[in-house]
Amino acid sequence: MKFARGSILAAAMLALSSSIAHAGVTLSVLIDTNPESIASLDVLTKAYKEKNPDVSFDVEQRAGGSEGDNIVKTRLATGEMADVFEYNSGSLFQALKPERTLADLSDLKSEADVRDIFRKVVTGPDGKVRGMPFGPAMGGGIFYNRKIYADLGLKVPKTWAEFMANNEKIKAAGKVAVAQTYGDTWTSQLFVLADYYNVQAQVPNFAADYTANKAKYATTPAAMRGFEHLEEVFKAKVSNADFGAAKFNDGLRMVATGEAGHYPMLTFGIGTIQQNYPDNLKDLGFFAQPGDDASKNGLTIWMPAALYVPANSKNVAEAKKFVDWVGTKEACELMAKAVPSGPYLIKDCNLPKDIPQAVADMLPYFDKDGGTAPALEFLSPIKGPALEQITVEVGSGIRSAKDAAALYDQDVQKQAKQLGLPNW
Amino acid sequence: MSRTKSPYPYWFILPAAVIFTVLFLVPTLASFWFSLTRWDLFSVEFIGIENYRQFFREPFLIQGLFNTVIYAVTTSAAKTVLGLLLAVLLTSGLWGQGFLRTVMFFPVLVSTIGVGITFTVLMHPTRGIINVALAAIGIHGPGWLTDPTLALYSVVLVDVWKGIGLATVIYIAGLASISPEYYEAARIDGATRTQLFFRVTVPLVKPATVTVVTLSLIGGLRSFDLIWAMTRGGPGFSSDVLASVIYKQYQAGFYGLSTAGNVILFALIAVIILPLTLWFNRKEVEL
Amino acid sequence: MNSRRQLFTGLAALAATIVIFVLPFLFIFLTAAKTKQDASLLTFTLPQQWQLWQNFMDVVSARDYMLLLAYFNSTVITVAAVALLVLFGAMVGYVLQRRPSRWNTLIFACVMIGLMVPPAVVPTIWVLQWLDLFKTRTGMVLIQIAYGLAFAVLLFRSFIATIPRDLDEAAIIDGAKPWQIFFRVILPLLKPVTVTVIVVQSIAIFNDFTNPLYYLPGRENVTVQLTLYNFQSQFGTEFNLLFMNILLVTIPPLIVFIFFNRQIVAGMTAGAVKG
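Please read these numbers as outputs of a predicted model, since none were measured by experiment.

A. Summary view of the overall build of chain A. Helix and strand content of chain A: 19 helices and 11 strands. For 424 residues, the compact-globule formula gives about 22 Å, and the C-alpha radius of gyration of chain A, at 22 Å, lands near that figure. Taking the principal axes of the C-alpha coordinates as reference, chain A spans close to 65 × 55 × 55 Å. When each of the 424 residues of chain A is scored for burial, the buried share is 53%. When contacts within chain A are restricted to residue pairs at least 6 apart in sequence, long-range pairs at least 24 apart make up 77% of them.

B. Structural view of the overall build of chain B. In terms of helices and strands, chain B carries 13 helices and two strands. Each principal axis of the C-alpha distribution contributes one length, and for chain B these read about 80 × 75 × 30 Å. With 287 residues in all, chain B has 48% of them scored as buried. Pairs at least 24 residues apart make up 69% of the contacts formed inside chain B by residues separated by at least 6 positions.

C. Region of the structure containing the interface of chain B and chain C. Counting residues at the interface gives 70 residues for chain B, matched by 71 residues for chain C. Going through the elements one at a time, helix H1 (14–34), helix H4 (97–109), helix H5 (112–122), helix H7 (151–176), helix H10 (206–222) and helix H13 (255–286) of chain B are the ones with two or more residues in the side of chain B that touches chain C. Considering only residue class, the side of chain B that touches chain C consists of 49 nonpolar, 18 polar and three charged.

D. Just the domain arrangement of chain A, in detail. Residues and elements named next belong to chain A. Each assigned domain of chain A is listed here: domain 1 (10–137 + 303–352) and domain 2 (138–301 + 366–419). Taking only C-alpha atoms, the centre of domain 1 and the centre of domain 2 are 28 Å apart. Listed by partner, the interface residues are 20 residues for domain 1 and 22 residues for domain 2. Secondary structure elements with two or more residues in the side of domain 1 that touches domain 2: helix H2 (35–51), helix H3 (65–77) and helix H4 (91–94).

E. Geometry of the environment of A:Ala406. Residues and elements named next belong to chain A. For Ala-406, the position within the fold is in helix H19 (residues 401–419). A residue is classified by how many C-beta atoms lie within 10 Å of it, and Ala-406, with 18 of them, is partly exposed. C-alpha separation for the pair Ala-406 and Thr-219, spaced 187 residues apart in sequence, amounts to 8.3 Å.

F. Seen up close, the nonpolar core. Membership of the largest hydrophobic core comes to 160 residues, with the highest contact counts inside it found for B:Tyr171, C:Met91 and C:Leu149. If one sorts the elements of this core by residue count, helix H3 (residues 52–98) of chain C sits on top with 19 residues. With sequence-adjacent residues up to four places away left out, C:Met91 is seen in contact with B:Phe12, B:Ile13, B:Ala16 and C:Phe182.

G. Looking closely at the pairing of strand S1 (residues 25–32) of chain A. All names here are of chain A. Two strands pair when backbone bridges link them, and S1 and strand S2 (residues 55–62) are joined in this way by eight bridges, in the parallel orientation. Paired with Leu-27 across the two strands is Phe-57, which belongs to S2. Of the strand pairs in this sheet, S1 and strand S3 (residues 84–87) are connected by two bridges, and their pairing is parallel. Within S3, the position partnered with Val-29 by the bridge is Val-84.

H. Region of interest: the sheet that holds S1(A). Residues and elements named next belong to chain A. Read across the sheet, five strands follow the order S2-S1-S3-S10-S4 without closing on themselves; strand pairing throughout is mixed. The open sheet has two free edges, formed respectively by S2 and strand S4 (132–134), since each of these has just one partner strand. Put simply, the sheet's adjacent strands are angled 25 degrees from each other on average, direction ignored. Contacts from helix H15 (residues 316–326) reach S1, S2, S3, S4 and strand S10 (305–308) within the one sheet, and its direction differs from that of S1 by about 55 degrees.

I. Inspection of the environment of C:Ser202 at higher detail. Residues and elements named next belong to chain C. Structurally, Ser-202 is set in helix H9 (residues 191–206). Ser-202 sits in the buried class, given 21 other C-beta atoms within 10 Å. Along the backbone, Ser-202 and Val-79 are 123 residues apart, and their C-alpha atoms lie at a distance of 7.5 Å. In contact with Ser-202, not counting residues within four places along its chain, are Thr-78, Val-82 and Val-256.

J. Just H7(B), in detail. Residue and element names in this part refer to chain B. Compared with an ideal rise of 1.5 Å per residue, which puts 26 residues at 38 Å, H7 spans 38 Å between its outermost C-alpha atoms and is within 8% of the ideal. Considering bend angle alone, the principal kink of H7 is centred on Gly-163 and spans about 45 degrees. Here H7 lies mainly inside the structure; 22 of its 26 residues are buried.

K. Highlighting the packing of H3(C) against helix H6 (residues 137–160) of chain C. All names here are of chain C. At a minimum axis separation of 6 Å, H3 and H6 run at an interaxial angle of 40 degrees. Considering only the axes of H3 and H6, their crossing is right-handed. Residue composition of the contact of H3 with H6, by class: 19 nonpolar, six polar and two charged.

L. Inspection of the confidence of the model for chain B at higher detail. In this model, chain B carries an average pLDDT of 88, and 96% of its residues clear a pLDDT of 70 or more. If you check the scores for this complex, the pTM reads 0.86 and the ipTM reads 0.86.

M. Quick look at the confidence of the model for chain A. Scored by pLDDT, chain A has a mean of 89; 95% of the residues are at 70 or more. Scored below 50 in pLDDT, residues 1–22 of chain A shows 16 contacts in the model against residues more than four places distant or in partner chains.

N. Up close: unusual backbone geometry. Omega for the bond connecting B:Gly234 with B:Pro235 falls within 30 degrees of zero, at -5 degrees, which places this linkage in the cis form. Its location among the elements puts B:Pro235 in the loop between helix H11 (225–230) and helix H12 (242–251). One non-glycine residue, A:Asn213, lies in positive phi territory at about 65 degrees. Counting through the fold element by element, A:Asn213 comes out in the loop between helix H11 (206–211) and helix H12 (221–235). Its identity as a non-glycine residue notwithstanding, B:Arg232 has a phi of 55 degrees, on the positive side.

O. Summary view of the environment of A:Arg119. With respect to the secondary-structure elements, A:Arg119 resides in helix H6 (residues 116–121). Ignoring sequence-local partners within four residues, the contact set of A:Arg119 consists of A:Val114 and A:Val129.

Definitions and cut-offs
Residues numbered from 1 in each chain as written. Chains lettered and ligands numbered in written order. Predicted model: local features only at pLDDT ≥ 70, side-chain atom pairs only at ≥ 80, totals over all residues. Helix = DSSP H or I, 4+ residues; strand = E, 2+ residues; numbered from the N terminus. Rg over C-alpha atoms; globule rule 2.2 N^0.38 Å. Buried ≥ 20, exposed ≤ 12 C-beta atoms within 10 Å, placed from the backbone. Contact = placed C-beta atoms within 7 Å. Nonpolar A, V, L, I, M, F, W, Y, C, P; charged D, E, K, R; others polar. Domains from an automatic or database assignment. Core = buried A, V, L, I, M, F, W, Y, C linked by C-beta atoms within 7 Å. Pairing = 2+ DSSP bridges. Axes fitted to C-alpha atoms, helices over the stretch in contact; angles between N-to-C directions. Expected span 1.5 Å × (residues − 1). Bend = angle between axes of the 7 residues up to and from the residue. Left-handed = near helix turned anticlockwise from the far one by under 90°. pLDDT = per-residue confidence, 0-100.

Below, the structure written as structure tokens:
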């Protein structure tokens with residue numbers, strides 16, 4: 001009896017959903033749970049539906065981090081992928097075996113207006129472009145609370161030593177100096193990944209040598225600094241007491257509301273703060289992760305994620321039409337208005353006048369010649385899958401920076417071997 | 001009646017045999033081959049024992065192996081000892097024992113994921129109820145799931161909490177099948193309660209002990225859900241067990257490597273369980 | 001004197017049990033009734049404002065009523081797999097117990113393998129794809145049968161040993177066919193152990209998370225445990241909805257348990273322990 005009732009309900013639901021599908025084409029879309037992604041897709045689908053009333057969207061959300069990588073990979077491998085999906089560009093895109101799994105987008109009209117720097121990171125080994133930028137470029141650095149800085153008379157640090165000195169002052173004032181949130185393990189990688197501008201400033205060939213199995217983290221002092229920073233922050237005891245359990249959202253709350261002075265993060269956190277703590281947005285500032293040399297101060301940047309179309313989708317043509325439109329200036333400016341948290345990568349697509357303070361803090365790096373460097377994952381196809389566990393270890397005092405760098409080198413080697421790269 | 005037609009025909013076995021062979025034996029055998037390859041579901045490339053070499057080179061793997069054994073032994077020891085004691089307590093005519101039996105069985109029914117999420121919240125280092133309660137009586141509670149030396153044991157505690165009801169029920173059933181005459185005879189001989197427990201109850205409840213130990217050991221060695229729901233193997237790699245290492249390799253798309261891990265887990269289980277089973281059986285013959 | 005001591009021990013045990021086993025459930029229930037802000041404090045207090053119904057509706061309607069679909073899928077998989085497990089398991093246990101032969105060694109070896117060997121996940125996916133059963137409910141049902149068979153066969157075999165052979169022989173003399181003997185004479189006598197198998201396996205399969213995670217991807221295939229896992233990342237900060245979900249997922253096994261509570265111990269005694 002119970003069984004029968006359940007099946008009637010489900011049958012009714014199935015009937016309902018299929019009747020919606022019957023009206024025209026329904027494009028299924030898979031995106032991550034970041035509020036910025038949701039907001040961007042929301043404005044895009046609304047505008048697109050107005051122009052194309054016969055198209056409707058079925059949006060599904062997935063987890064981020066390595067959990068998300070797994071979902072995307074297995075669903076692609078098993079033919080269960082949505083018609084359009086959002087995923088990282090760069091090395092994570094390369095790990096999808098794009099030449100076999102993704103539709104070729106190089107013939108789309110709007111690809112011509114996508115900036116070269118982005119097209120490069122969504123181009124497969126066969127030279128075909130397979131992704132369309134979705135969202136703004138991001139900076140990886142440190143969010144800071146402007147109120148705390150003003151109250152304590154602090155200056156934005158240009159060197160790591162100044163940064164640590166600020167931390168001591170914030171700690172002395174009874175606040176958390178550096179929010180850490182290892183409950184979401186991926187957030188622990190920032191000090192290492194966002195240090196890449198400084199690595200490149202000292203060792204310009206690092207990316208190429210690293211890919212060719214010539215340069216290692218453990219034997220390149222500049223590259224090891226990221227791990228050492230993490231260790232120093234742990235040893236200075238300037239983080240929140242629940243750093244092992246706190247989550248991404250907790251970190252953003254802390255730095256926005258003034259519980260914490262700093263939170264190392266990508267600028268895509270701005271969207272969440274805008275949504276959850278709009279009154280605190282003006283207190284949120286941002287600076288690049290400082291290195292050892294004040295004269296070589298710059299920002300490590302992340303390319304936006306991209307929209308992709310799986311090669312075996314049932315609606316490849318419709319999906320490509322939608323993705324083509326996403327690459328237009330019109331669509332890009334819609335996104336820029338909804339999520340003004342960084343520069344966009346379509347030609348002539350400008351941010352609105354009214355932007356959050358943290359974005360205003362970030363833009364000068366982009367305007368300065370040589371003020372930015374892409375993160376390593378956009379310069380090399382190899383990123384070890386265990387980095388986030390290793391950085392949690394360093395940040396929790398379980399492993400020393402030196403050991404961690406060596407361990408990460410091994411992890412990288414494993415990834416390279418599994419990718420079947422030459423020289424490994 | 002012809003002799004060839006047994007009233008117990010072998011075709012009765014057929015449906016089960018087909019399903020088991022195709023979906024269990026074939027993949028198990030195939031795993032030996034796939035563990036020797038680089039495999040990404042699109043293409044297979046034979047690379048010899050490279051995956052095994054890789055697996056044993058992973059520094060966290062040794063710890064994972066060690067953790068797997070610790071996890072299995074501690075959970076099954078706790079379930080065996082506590083299960084027997086609780087079963088004795090709950091068959092002693094205690095006030096409200098029916099209610100207690102029922103309540104203790106509840107966790108067995110809840111999904112592991114649900115239990116994992118709930119206890120992750122209860123064990124939050126600063127705001128979790130456990131540490132808030134400890135603070136109220138002046139104890140500074142540890143980071144149950146965030147302290148690398150403690151995380152694995154915290155999961156063990158929750159595993160025991162979840163599984164103790166089943167062990168207790170198995171023991172209650174075992175106790176019920178002991179004839180009261182043994183107790184009468186021992187009591188006439190002047191045995192104390194402690195002696196009754198060790199000389200009569202423990203030996204005679206052995207079939208139940210074998211069941212509890214075997215089930216909980218195998219379960220412990222293969223355990224994945226609870227660890228994944230509570231710590232994802234962390235902090236760092238400190239609560240990784242073989243099953244979570246295998247899952248992480250699967251997650252990273254290293255299917256050959258993941259399958260090699262599976263073969264290693266199989267070998268570990270065989271090395272522990274087979275001698276144990278033989279030992280249990282031999283003791284039975286001696287009795 | 002003695003009875004008073006028993007009362008005290010009983011009360012102490014009761015208090016300890018309530019703290020250890022009841023409080024976590026109470027916490028789930030209370031959190032499920034709170035508002036978002038209230039629940040995010042993680043405290044063990046009564047809700048400032050009860051909104052059990054609203055949270056219920058929010059969880060049920062989330063993602064296009066996905067939870068209902070998940071209930072449907074989980075129920076279909078559980079009912080089908082358990083029914084076939086009982087049938088096939090009893091058939092094997094019956095022949096295994098009644099007809100000693102060389103084959104028995106092989107069957108026993110398979111049972112031990114089935115109990116011990118961790119399933120080889122990726123090769124199983126490969127087999128399922130080859131059979132066109134990957135990410136189908138049928139495939140999931142067959143997987144659950146394959147993984148549960150060993151346990152069921154063991155239980156049935158040891159219980160069938162307690163059924164006198166005279167019954168089969170009487171039926172044979174009456175001219176009954178083998179399947180008639182099994183279905184009309186033996187199967188009805190297996191009720192106690194069947195109840196045990198049903199309870200144990202239906203709870204295991206309904207609560208199974210790992211296997212659907214591996215073998216049943218795709219949103220139209222969700223099971224209740226997968227929704228819970230997904231909601232964990234989606235509801236990130238909304239603990240009230242997450243715990244409402246846990247509450248809802250716990251109810252079906254609880255119902256099974258309340259119905260069969262008494263028979264569980266009986267079945268265990270008859271099957272697993274005497275064996």
